[in-house]
Amino acid sequence: MSATADHAEERTNPAARLGFQPGQVVQELGYDEDTEQELREAIEELIGMELVDEDYDDVADAVVLWFREDDGDLTDALVDATTMIDPGAPVWLMTPKTGREGYVEPSEIGEAATTAGLSQTSSVNAGKDWSGSRLIMPKTARTGKR
């Protein structure tokens with residue numbers, strides 16, 4: 001595929017824009033009926049398999065965490081999301097956009113990410129009602145798995 005075709009796919013496939021690659025195992029946490037179905041389907045189409053859920057017990061290449069204000073403690077959710085990924089693998093934190101039910105303040109995301117040992121590297125429009133924050137654990141931050 002040419003570089004031009006790669007860029008065209010990134011514009012048309014939201015999963016490519018998020019950096020997902022064919023063959024990756026992507027764990028999804030926090031799924032509910034309000035999640036962005038178009039994004040979920042685009043990720044599955046791109047990686048060539050279904051998203052795995054919280055019962056998956058092997059190492060995933062990335063995590064998509066759907067989180068709403070009333071889902072509990074964001075720091076705990078982020079720590080849980082990092083238990084089955086390698087350092088450097090992304091956690092895509094998906095939260096409702098401003099004005100939507102379940103909206104999470106950016107300052108809360110930043111504080112929870114820092115407390116969980118993650119760094120925010122980018123933010124994206126993840127659909128009509130959702131925003132995404134790409135969080136990563138620095139490769140030197142953790143020496144062993146839990």
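The text that follows walks through the structure, step by step, so that each part is easy to find. Computed from a predicted model, the values in this text were never measured in an experiment.

## Points about the overall build of the protein
Secondary structure assignment for the protein yields five helices and five strands. Helices (α) and strands (β) of the protein occur, in sequence order from the N terminus, as α-α-β-α-β-α-β-α-β-β. The 146 residues of the protein split such that 43% are buried. Of the roughly 7,900 Å² that the protein leaves accessible, carbon and sulfur atoms contribute 46%.

## A short note on the pattern of salt bridges
Inspection of every chain in the model, using the stated rule, returns five salt bridges. In this structure, E28 engages R40 in a salt bridge whose closest nitrogen and oxygen atoms are separated by 2.6 Å. Remark: R40 occurs in helix α3 (residues 37-47) and E28 occurs in strand β1 (residues 26-29); sequence separation between them is twelve residues. Taken individually, E28 and R40 each receive the classification buried, so the pair is uniform in this respect. Of the charged contacts, one joins R100 and D129 as a salt bridge, the two residues approaching to 2.7 Å between their closest N and O atoms.

## Quick word on the packing of helix α4 (residues 74-81) against helix α5 (residues 106-115)
Running from N to C, α4 and α5 cross one another at 45°; their axes reach a closest spacing of 8 Å. The angle between α4 and α5 falls in the class oblique. Crossing hand, α4 versus α5: right-handed. Judged by residue contacts, L74, T75 and L78 of α4 engage E108, I109, A112, A113 and T115 from α5.

## Topic: the packing of aromatic side chains
Taken as a whole, this structure holds one aromatic pair when the rule is applied. Here W66 and W130 contribute two aromatic rings whose centre-to-centre distance is 4.9 Å and whose plane-to-plane angle is 80°, an arrangement assigned as edge-to-face. In this pair, W66 sits in strand β2 (residues 62-66) while W130 sits in strand β5 (residues 130-136), placing the two residues 64 residues apart along the sequence. Of the two residues examined, W66 and W130, each falls in the buried class.

## Overview of the layout of surface pockets
In this structure, the largest pocket encloses a volume near 160 Å³. In this structure, the largest pocket is lined by 15 residues; those nearest its centre are L29, G30, L65, A77 and D80. Of all the elements in the fold, those that place two or more residues in the lining of the largest pocket are β1, β2 and α4. With three residues, the single largest contributor to the lining of the largest pocket is α4.

## A look at the nonpolar core
Core analysis: the largest hydrophobic core is formed by 23 residues, its most contacted members being L65, L74, L78 and L93. Here this core gets four residues from one element, more than from any other, and that element is α4. Apart from the residues lying within four places of it in its own chain, the contact partners of L78 are L65, V91, L93, A112, A113, A116, L118 and L135. Judged by nonpolar contacts, the second largest core, of 19 residues, contains A15, L18, L51 and V64.

Procedures and definitions
Residues numbered from 1 in each chain as written. Predicted model: local features only at pLDDT ≥ 70, side-chain atom pairs only at ≥ 80, totals over all residues. Heavy atoms only, no water. Helix = DSSP H or I, 4+ residues; strand = E, 2+ residues; numbered from the N terminus. Buried < 20%, exposed > 50% of the residue type's maximum accessible area, 1.4 Å probe, protein only. Areas by Shrake-Rupley, 256 points an atom, 1.4 Å probe, with all protein chains shown as cover. Salt bridge = Lys/Arg side-chain N within 4 Å of Asp/Glu carboxyl O. Axes fitted to C-alpha atoms, helices over the stretch in contact; angles between N-to-C directions. Parallel < 35°, antiparallel > 145°, perpendicular 65-115°, else oblique. Left-handed = near helix turned anticlockwise from the far one by under 90°. Contact = heavy atoms within 4.5 Å. Phe/Tyr/Trp six-rings, centres within 6.5 Å; stacked < 30°, edge-to-face > 60°. 1 Å grid on protein atoms, 1.4 Å probe; cavity = no way out; pocket = protein on both sides within 12 Å on 5 of 7 lines; lining within 4 Å. Points joined across faces, edges and corners; volume = space filled by probe spheres on them. Core = buried A, V, L, I, M, F, W, Y, C linked by side-chain atoms within 4.5 Å.

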